[in-house]
Amino acid sequence: MKPAGFDYARPDRLDEALAVLAEHTHTARVLAGGQSLGAMLNMRLVTPKVLIDISALAELGHIQADDGMIEVGAAVTQDQLLRWPGLKEQPLLAQTLPWVGHYQTRQRGTVCGSLAHGDPSSELPLVLAMLKGAVVLASQRGSRTLTAADFQTGTMQTAMRDDEMIVAARFPLAAPGCSSAFREIGPRRGDFAIVAAAAVGDQDGVSLGIGGVADTPAIRRLPWLDGAGLDDALNTIAWELRGSSDGHASAAYRRTQVRNLGRQVIGETQHALFNR
Amino acid sequence: MGMVGQSLERVEDLTLLRGGGRFADDLAEPPGCLHAAFLRAPVAHARIEAVDVSAALALPGVTTVITGADIARETKPFLSGVKVDAPQFPLAVDRVRYVGEPVAIVIARDRYRAEDALELIDVRYEPLAAVIDPEIAAGDDAPLLHNDAGHNVLHERRFRYGDPQTAFAEAAHVVETTVRYPRNSCTPIETFVVLAEHRPGEDTYEVTANFQGPYTLHTVMARALKVAGNRLRLRTPPDSGGSFGVKQAVFPYVVALGIAAKLAGRPVKWVEDRLEHLAAATSATNRVTTIRAALDGQGRITALDYDQLEDCGAYLRAPEPATLYRMHGNMTGAYQIDNLAIHNRVVVTNKTPTGLMRGFGGPQVYFALERLVDLAATRLALDPMELRRRNLIPGEAMPFTTTPGAVLDSGDYAATLAKAVREGGLEELKQRRTAARAEGRLYGIGYAAVVEPSISNMGYITTLLTPQQRQRAGAKNGALATATVSFDPSGAVTVAVSSVPQGQGHRTVLAQVVADELGIDPGDVVTVTDHDTLKDPWSIASGNYSSRFAGAVAGAAKLAAERLAKRMKAIAAPDLNVPIGDVELVDGLARSISNPDNVIALVRVAAKAHWSPLSIPEDAGAGLRETAFWVGRELREPDEQDRVNSSGAYGFIFDYCGLEVDPADGSIRIDRYVTAHDAGRLLNPALADGQIRGGFAHGLGAALLEELAYAPDGSFLSGTFADYCPPTASELPELMILHDQSPSPFTPTGAKGLGEGNCMSTPVCIANAVADAIGKPVLTLPLTRPRVLELLGESEPADPSPPRPAIITSSGNGHALKGNGSHIVPASPEEVWAVILDPDHLAALIPGCHNLERTGENAYRAEATLGAGPVKGRFTASVTLRDLDPPRALQLSGSAAGGLGTATGQGEIRLTPVEGGTRVDYFYAVLISGKVAAVGGRLLDGTARGVINQIFTRLADSSQSQTEPKTETMPSLRSRLPRWLGGAP
């Protein structure tokens, strides 16, 4: 469990980082918190020639709210965001962050790193997709912004090009009159979710987001339904996503939890909105 | 008041908590030390055709590469408990028999470079059929692991005690069940560490390893190294990051590293990493047990009949098959059962060899026995606790010899059970169950009554021999424990034991025991916890296993301290001017009992013995050092009727718990867990409770979470702690611990072991409670949430809209991917067919394809870089097409191998003309093994989908480019081809 040899660059400025990335397109990886990449390096699942450590880039250390968005720089750890006082403006993010890994891993793991990794079970890609957020990508050629749906394309696959890196993620603030809920089930607390479910509801209906079942977060908009109507809608979603089997759970178990957790988060959202 | 029995704070903790521990990896490396890395088998069963190490050797910084041929030349095969023709070495010699089996050792300037070189070793494997299921492996036509042994069942014996046949014939009730105990491990946080040197002048090996014993294995190692015992100097470090039995299994690596140091001519160090540990260190045995009980009309069990099929993995590694025999005297559990039949078989399968593990044999036996007792209670419509009570061995019968020969030393089991019921609040749990059930909730109560053996008899393993074989081989018995206590000239006391502490608090307890005998403050005692086989007393039973510390090792320390105290009194008596019988040692003084003002400081007594040896009484002896050997007199060899007192002391545990199952997700909430122990005298109650909590955590993990999982082809699927799931603090409920203390008459301290008991009782107690909650039998573990939901057996609502538009779907268990799907390609079937069968076009379809060549008619060899996101590996694949039915269908099969793993698979493609082009239907089934299967099972499926999606996107693009080149917006296939073919991954 020792990584293959690599060159290590720890630039002081973003433009330096992008220059190194441009110079070593295809063979460089960006390192932020290293909570996924570190393990993959040690297992030699990835063997980059150059590692560009952006954790010290002051330009990427910001969390700010403007334009109805919380923008989180690529060097911001999950714990920093969790402790940020303005987080209450986006309750779903606040509800979800404690489920991201463990206290220890959140000290180093970054918000944008989790998005870049694109694990289908990860909580943060699910939240970004739920909120119709976006990632800001930069390269020497310039920068572009991709919506969550356009960004993550599959299991650990994104639309990020080899000379690009995430510089920030943008989470829209909660709209007034919304409520949200998050639940997940995994083998143990802090594990990768077998199924994760998030809901954001408003007067007209509810959005349901499911992680861990399809290759990317799946978001569905539903009218407010009860009883058999909700059962049917959740069953349809479960079968659309279908899921696959692995050592932790069967596809059938995943579908069952789409129905179960989906009902729970929708119920919690509904309760918060209408029975308050 | 004595120190023994008090909850003294651990003397170990201040140093450990400040980061001052001296663990194996902390010890200084000698100058010139090199580092080793192991190449391990990626497949479960294969013949090694060739090993080419030239590229690895050519890498700068690499000193030596050792293969099985070197090891076969330099060592003798390891001895094991059963004499069969199934030789085993620290490296695979001509065949690999489990995933993770060491194949070669690279020795280099550092570990990084050594691992670089591993990737350059080229091993050619000829795959053999693997067998994972013990029942299949035990069949006569199963693939053989060891050809010369002639069968995979390497040991079989039947035992009969009393008259089980008549008892079953006359029984009012007979109950039977078959259970499967899974593979799990105790996964200490510190992995194996070995630092080896070889001194060629004397052909002596000096090894430091975090070995835990038993020291029977020292003999095994020395023999393998072809040296006498005094030429294998084995040292252990002062501190340990846990073992739970597991560190016994470092012994093959001690031999491997010894040879590595010899051949490299330099000291060599190896630190096992977590991937190596989970895949290949060791494991508990998995066992299939069919158990029957005969009961009379009153619910008395009159006979038991066991059929045990023990799976020891690929080799019977010493001391196996000890897991099967450790419990032999306890096969009747906590019950008085006069008739017993046992059929034991030991089978080898293509899995990691098994070894010592906390609980060692107990979890397997009690999972069968205590599940069966519950089934019997159901059959007789008796309360499961009542049925247990009726069968418990009565307290007045102690010491009680069980039907298979264990001499249960002390205890009043019924009294401990009654105490647990009373103080643990069983009635309250029953009320909760009633209330919950009234609301339709799934609440259950489970019980387990367990006898916990400790201090293994060195002769128990010989029960596997027939009495005639034993007579020829000579008796093996006893359980020597060794301790040394000394006063130095300053009057300070030092204790050393031939045990290897693994964090339990040996130093604290030894100080308590010795302080009481010598009348001194335990804070003044220093205990040495590292061990050196050349300088320190030891014997084959030495080490830290079978919960032997409190009874045997602390007992030996007590004996040594008693002797030393006697001599101190003899030295002090003339100075006090009183007879020896009037001297007591108390508060650091030798004191006259009759005249407590008449005292002399012990430091002066000690100083006198050192400075003026001629001035002390001759019968007080010379030198203030006492080494005691305690043997365990009751631990006789098995008798002619195969009865064996397999352990020196036996504790009793009665557990029960109330829990609730959530039918929505299968999760289990433990409402209350009560564990009542009688482990004899408690030397330090706080440390005892710590041991019980640790055993409970392991037991809970085994019950709910932990399994070393293998695929049917032998691929290992639990390669990281993301897939092998020991419980964390979040998963552990509060534990209510109760104690009785019936001192053992057979151990010097009156103490018995207690650290393993909950590994035996907790898994089955939880299983019984879950069975009670859901009203269905629980026949295997772990009870993961998905598995509990499966047991509940509710079918899921149907897919509302079949048939679905075709998408890629697949189902498997991570390593076995099966999928099917279909795509519409805007081209005629003939055009699609042409693309598929043209090597150039085919190459362009495969993402990351570097080259593709035709190797025969309809046979191809390709090199491609495949993967998902950043995880990519270069694979060499060979693919054969067959059953060609142009332009309608073809079959393909092939295999791929690369650094990330290997894959074998087959598939089918069907082309059907449809409006707008051709529908391409496909089906694939792929088995993946090696690194990605072990660590990435969760992600393989999505990755495979990603790769296949890319292929069809390209197929659609390329067919389109042929048919409608003018309307194509993307660059045409022909213009992209050169880029793909020559392009970077």
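This is a predicted model, so every value here is computed, not measured. Residue numbers restart at each chain and count upward from 1, following the sequence in its written direction. The order in which chains are written sets their letters, starting at A; the order in which ligands are written sets their numbers, starting at 1. Residue-level local features of this predicted model are given only where pLDDT is at least 70; pairs of side-chain atoms are given and counted only at 80 or more, and the full residue set underlies all totals for whole chains, interfaces and linings. In computing side-chain properties, one takes all heavy atoms of the structure into account and sets aside hydrogens as well as water.

### Observations concerning the domain arrangement of chain B
All names here are of chain B.
Then comes step 1: An automatic or database domain assignment provides the domain bounds reported here. Here the domain parsing of chain B yields domain 1 (13-128 + 185-280), domain 2 (137-184 + 283-414 + 443-462 + 644-716 + 770-791), domain 3 (480-630) and domain 4 (815-981).
Then comes step 2: Residue contacts are counted whenever heavy atoms from the two residues lie within 4.5 Å of one another. Every contact between the two is made by 20 residues of domain 1 and, on the other side, 17 residues of domain 3.
Then comes step 3: Put simply, buried area is the surface a 1.4 Å probe can reach on two separate parts but cannot reach once they are joined, added for both. Interface area for domain 1 against domain 3, summed over the two sides, is near 1,500 Å², with a carbon-plus-sulfur share of 55%.
Then comes step 4: Contact with domain 3 buries surface across domain 1, with Gln212, Tyr215 and Arg233 losing the most and accounting together for 38% of the total.
Then comes step 5: Salt bridges are counted wherever a side-chain nitrogen of Lys or Arg sits within 4 Å of a carboxyl oxygen of Asp or Glu. At the junction of domain 1 and domain 3, the tally comes to 1 salt bridge.
Then comes step 6: One salt bridge in this structure joins arginine 233 and aspartate 532, with 2.6 Å as the shortest N-O distance.
Then comes step 7: Throughout this description, a polar contact denotes any pair of N or O atoms lying within 3.5 Å of each other; where both atoms belong to protein, one of them has to be capable of donating a hydrogen while the other can accept it, and for residues adjacent in sequence the pair is counted only when both atoms sit in side chains. Connecting domain 1 to domain 3 are 9 residue pairs in polar contact (both at pLDDT 80 or more).
Then comes step 8: Secondary-structure elements contributing two or more residues to the side of domain 1 that touches domain 3 are helix 7 (216-224) and strand 11 (232-236).
Then comes step 9: Gly counts as polar in this scheme, as do all residues outside two lists: the nonpolar Ala, Val, Leu, Ile, Met, Phe, Trp, Tyr, Cys and Pro, and the charged Asp, Glu, Lys and Arg. Of the residues that constitute the side of domain 1 that touches domain 3, the class distribution is 8 nonpolar, 10 polar and 2 charged. We count a stretch as a helix when DSSP gives it H or I for four or more residues in a row; a strand needs E for two or more, and each element gets its number in order from the N terminus.

### Description of the nonpolar core
All names here are of chain B.
Then comes step 1: As used here, the term nonpolar core means buried Ala, Val, Leu, Ile, Met, Phe, Trp, Tyr and Cys residues forming a set that is joined through side-chain atoms within 4.5 Å. Note on classification: 1.4 Å probe, protein chains only; a residue is buried when its accessible area is under 20% of the maximum for its type, exposed when over 50%, partly exposed between these limits. Core analysis: the biggest nonpolar cluster contains 215 residues, and Leu304, Phe654, Leu659, Val661 and Ile766 have the highest contact counts within it.
Then comes step 2: Residues within four places of valine 661 in sequence aside, it is in contact with Leu442, Ser667, Ile668, Val770, Ala773, Ile774, Val788 and Leu792.
Then comes step 3: Core analysis: the next-biggest nonpolar cluster, separate from the first, contains 55 residues, Val493, Ala565, Leu585 and Ala620 among them.

### A short note on the side chain of serine 410 of chain B
Residue and element names in this part refer to chain B.
Then comes step 1: One can find serine 410 in the loop between strand 17 (407-408) and helix 13 (413-424).
Then comes step 2: Overall, serine 410 belongs to the buried group, its relative accessible area being 7%.
Then comes step 3: Polar contacts involving the side chain of serine 410 include one to the main-chain carbonyl oxygen of serine 742, which spans 2.9 Å.
Then comes step 4: Here the side chain of serine 410 touches lysine 752 through a polar contact of 2.8 Å, side chain to side chain.

### Topic: the interface of chain B and chain A
Then comes step 1: Each partner contributes residues to the interface: chain B has 56 residues there, and chain A has 43 residues.
Then comes step 2: Across the salt bridge formed by arginine 44 of chain A and aspartate 116 of chain B, the nearest N and O atoms sit 2.8 Å from each other.
Then comes step 3: The tally of links between chain B and chain A comes to 22 residue pairs in polar contact (both at pLDDT 80 or more).
Then comes step 4: When residues of the side of chain B that touches chain A are traced back to their parent elements, those giving at least two are helix 4 (111-118), helix 9 (274-280), helix 21 (785-792), strand 30 (809-810), strand 33 (859-868), strand 34 (871-885) and helix 24 (931-963) of chain B.
Then comes step 5: A total of 12 residues in the side of chain B that touches chain A trace back to one element, the largest contributor, which is helix 24 of chain B.
Then comes step 6: Across the side of chain B that touches chain A, the residue classes break down as 23 nonpolar, 15 polar and 18 charged.

### Structural notes on the environment of tyrosine 98 of chain B
Residue and element names in this part refer to chain B.
Then comes step 1: Locating tyrosine 98 in the fold gives a position in the loop between strand 4 (95-96) and strand 5 (102-108).
Then comes step 2: When the C-alpha atoms of tyrosine 98 and leucine 39 are compared, they prove to be 13 Å apart, with 59 residues separating the residues in sequence.
Then comes step 3: When residues no more than four places from it in sequence are discounted, the contact partners of tyrosine 98 are Ala41, Val43, Ala44, Ala280, Ala314, Tyr315, Arg317, Asn350, Lys351, Thr352 and Pro353.

### With respect to the packing of aromatic side chains
Then comes step 1: Two aromatic rings from Phe, Tyr or Trp, using only the six-membered ring of Trp, form a pair when their centres are within 6.5 Å; if the ring planes differ by under 30 degrees the pair is stacked, by over 60 it is edge-to-face, and anything between is tilted. As enumerated under the stated definition, the model contains 20 aromatic pairs over all chains in all.
Then comes step 2: Here phenylalanine 211 of chain B and tyrosine 215 of chain B contribute two aromatic rings whose centre-to-centre distance is 5.3 Å and whose plane-to-plane angle is 65°, an arrangement assigned as edge-to-face.
Then comes step 3: Their ring planes at 25° and their centres at 4.3 Å tell us that tyrosine 253 of chain B and tryptophan 270 of chain B sit as a pair that is stacked. Taken as a pair, tyrosine 253 of chain B in helix 8 (residues 251-264) and tryptophan 270 of chain B in strand 12 (residues 268-271) lie far apart in primary sequence, 17 residues in all. In this pair, the class of tyrosine 253 of chain B matches that of tryptophan 270 of chain B, namely buried.
Then comes step 4: Taken together, the ring pairs in this structure connect Phe38, Phe192, Tyr253 and Trp270 of chain B into an aromatic cluster.
Then comes step 5: Ring-over charges, as used throughout, are those where CZ of Arg or NZ of Lys falls within 6 Å of the ring centre and within 35 degrees of the ring normal. Stacked on the ring of tyrosine 112 of chain B, the Lys or Arg lysine 2 of chain A has its end atom at 5.7 Å from the ring centre.
Then comes step 6: Geometry around phenylalanine 168 of chain B places arginine 292 of chain B over its ring, the cationic atom sitting 4.0 Å from the centre.

### Digging into the state of the cysteines
Then comes step 1: For this text, the term disulfide refers to a pair of cysteine sulfurs within 2.5 Å. What the rule picks out here adds up to 0 disulfides over all chains.
Then comes step 2: No disulfide involves cysteine 765 of chain B; its sulfur sits 3.9 Å from the nearest other cysteine sulfur, which is in cysteine 657 of chain B.

### Topic: the sheet that holds strand 26 (residues 625-630) of chain B
Residue and element names in this part refer to chain B.
Then comes step 1: Taken together, 4 strands build an open sheet; the order of strands is 21-20-19-26 and the sheet is mixed. Two strands close off the open sheet at either side, each with one partner strand: strand 21 (525-528) and strand 26. The sheet shows a mean angle of 20° between the axes of neighbouring strands, taken without regard to direction.
Then comes step 2: Here, any two strands with at least 2 DSSP bridges between them count as paired. With 5 bridges connecting them, strand 19 (residues 481-487) and strand 20 (residues 493-497) associate as antiparallel partners. Following the sheet pairing, alanine 483 is matched in strand 20 by valine 497.
Then comes step 3: Every angle, taken between N-to-C directions, lies between 0 and 180 degrees, and every axis is a line fitted to C-alpha atoms, over only the stretch in contact when it is a helix. Across the sheet, helix 16 (residues 506-518) touches strand 19, strand 20 and strand 21, and the angle it forms with strand 20 is around 125°.
Then comes step 4: Packing of helix 17 (residues 549-576) onto the sheet brings it into contact with strand 19, strand 20 and strand 26, and relative to strand 19 it is tilted by some 35°.

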